[in-house]
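Each chain, written out:
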Amino acid sequence: MPWILQNKTRWIKTTKIDGTSSLFLLERKGKKKEYWVCSRNVRQLDRKQECYHKDNAYWEANDKYHIQDFLEDMLNKHPEWEYVALQGETAGCTSSGAKLQGDPHNFGELRFFGYNFITSDRGRWNSVEAAKLCSEYGIDWVPIVDDNYILPDNFEEFKLSADGPCEASGASGAREGYVYRNYDDNTLSFKNVSREYLLKH
């Protein structure tokens, strides 16, 4: 989609973390609430449910970062919300040492990085605002490299910019690339994956 470079509005440029996509959602069900822990396309009903990884990294991330408590607090503070969700990337190693995607960023421990915060009233929040909120609860966000990024005109220059070291704290080695989210239109986002990273991994 090289035509995207014609869009000269403001973008939020974030580091793409290589791990496993994870979704945590708390939904009102009458007077009760129902909690969802999901991988890319499977709901993880409990911590013992088998998944692609040796351990259930999704529930482990939930426990380590107290994500359910965070979402519970959000619904309690906002009774008008029908649901609240946090989507992100779980990366690194589980507590038993199982490496997610081979732990390419050399975290050496389980890490979770949010990249979408979604509420029933607003949909997907602006990443800068969502990152600030999550940080107040000790939940990491994917590194925001530039929150006032303007896309370049040259496609090759743009592709080359995806190469380089991973900006996440505690990481070493290359980044997978960048993800760009439009500052004013939260529905518009796309990835620029590093070709060097693809060749290596």
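Residue numbering note: each chain is counted from 1, following its sequence as written. In keeping with the predicted nature of the model, local features appear solely for residues at pLDDT of at least 70, side-chain atom pairs appear and are counted solely at 80 or more, and the whole-chain, interface and lining totals rest on all residues. Only hydrogens and water are set aside; all other atoms, that is, all heavy atoms of the structure, feed into the side-chain values.

J.: Which residues make up the sheet that holds strand β5 (residues 110-119), and what values do they have?
T.: The 5 strands lie next to each other as β3-β2-β4-β5-β6, forming an open sheet whose pairing is antiparallel. The open sheet has two edge strands with one neighbour each: β3 (32-38) and β6 (123-124). Only when DSSP finds a minimum of two bridges between them are two strands counted as paired. Where helices and strands are cited, they refer to DSSP runs of H or I of at least four residues and of E of at least two residues respectively, numbered from the N terminus. The pairing of strand β4 (residues 83-92) with β5 spans 9 bridges and is classified as antiparallel. When the bridges of β5 are listed, Val84 appears paired with Thr119. For this analysis, residues touch if any pair of their heavy atoms sits within 4.5 Å. With axes taken as lines fitted to C-alpha atoms, and helix axes fitted only over the stretch in contact, angles between N-to-C directions fall between 0 and 180 degrees. Of the strands in this sheet, β2 (20-29), β3, β4 and β5 are in contact with helix α2 (residues 67-77), which crosses β4 at around 160 degrees.

J.: Describe the pattern of salt bridges, and please don't skip the residues or the numbers.
T.: The term salt bridge refers to a side-chain nitrogen of Lys or Arg lying within 4 Å of a carboxyl oxygen of Asp or Glu. Taken as a whole, this structure holds 14 salt bridges when the rule is applied. A salt bridge links Lys29 to Glu34; the shortest N-O distance between them is 3.9 Å. Where Glu136 meets Lys132, a salt bridge forms, and the shortest distance between an N and an O atom there is 3.4 Å. Each residue is placed in one exposure class: buried if its accessible area under a 1.4 Å probe, protein chains only, is under 20% of its type's maximum, exposed if it is over 50%, and partly exposed if it falls in between. The exposure class assigned to Glu136 is exposed, which follows from its relative accessible area of 53%. When salt bridges that share partners are traced, they join Glu27, Lys29, Glu34 and Arg43 into one network.

J.: Please give an account of helix α1 (residues 57-65) that cites residues and values.
T.: Along α1, 7 of the 9 residues are buried, which leaves the element largely enclosed by surrounding structure. Looking at α1, one finds that the buried residues are Ala57, Tyr58, Trp59, Glu60, Ala61, Asn62 and Tyr65. Positioned one or two residues after α1, His66 has a phi angle of 55 degrees, which is positive.

J.: Hey, could you go over the packing of aromatic side chains for me, with residue numbers and the actual values?
T.: The criterion for an aromatic pair is that two Phe, Tyr or Trp rings (for Trp, the six-membered ring) have centres within 6.5 Å, with stacked assigned to planes under 30 degrees apart, edge-to-face to planes over 60 apart and tilted to the rest. Taken as a whole, this structure holds 14 aromatic pairs when the rule is applied. Consider the rings of Tyr65 and Phe112, whose centres lie 6.2 Å apart with planes at 55 degrees: the pair is tilted. With a gap of 47 residues between them, Tyr65 in helix α1 and Phe112 in strand β5 connect regions that are remote in the sequence. Summarising the burial analysis for this pair, Tyr65 and Phe112 share the class buried. Ring geometry for Phe158 against Phe190: centres 6.1 Å apart, planes inclined by 45 degrees, an arrangement best described as tilted. You can see Phe158 sitting in helix α4 (residues 155-160) and its partner Phe190 sitting in strand β9 (residues 189-193), a full 32 residues away along the chain. Among the residues examined, Phe158 registers a relative accessible area of 4% and is labelled buried. Put simply, the rings of Trp11, Tyr149, Phe158, Tyr178, Tyr180 and Phe190 pair up and form one aromatic cluster. Whether a charge sits over a ring depends on NZ of Lys or CZ of Arg being within 6 Å of the ring centre and within 35 degrees of the ring normal. Stacked on the ring of Trp36, the Lys or Arg Arg43 has its end atom at 3.7 Å from the ring centre. Over the ring of Trp125 we find Arg122, and its NZ or CZ is 4.0 Å from the ring centre.

None of this, on its own, says anything about what the molecule does.
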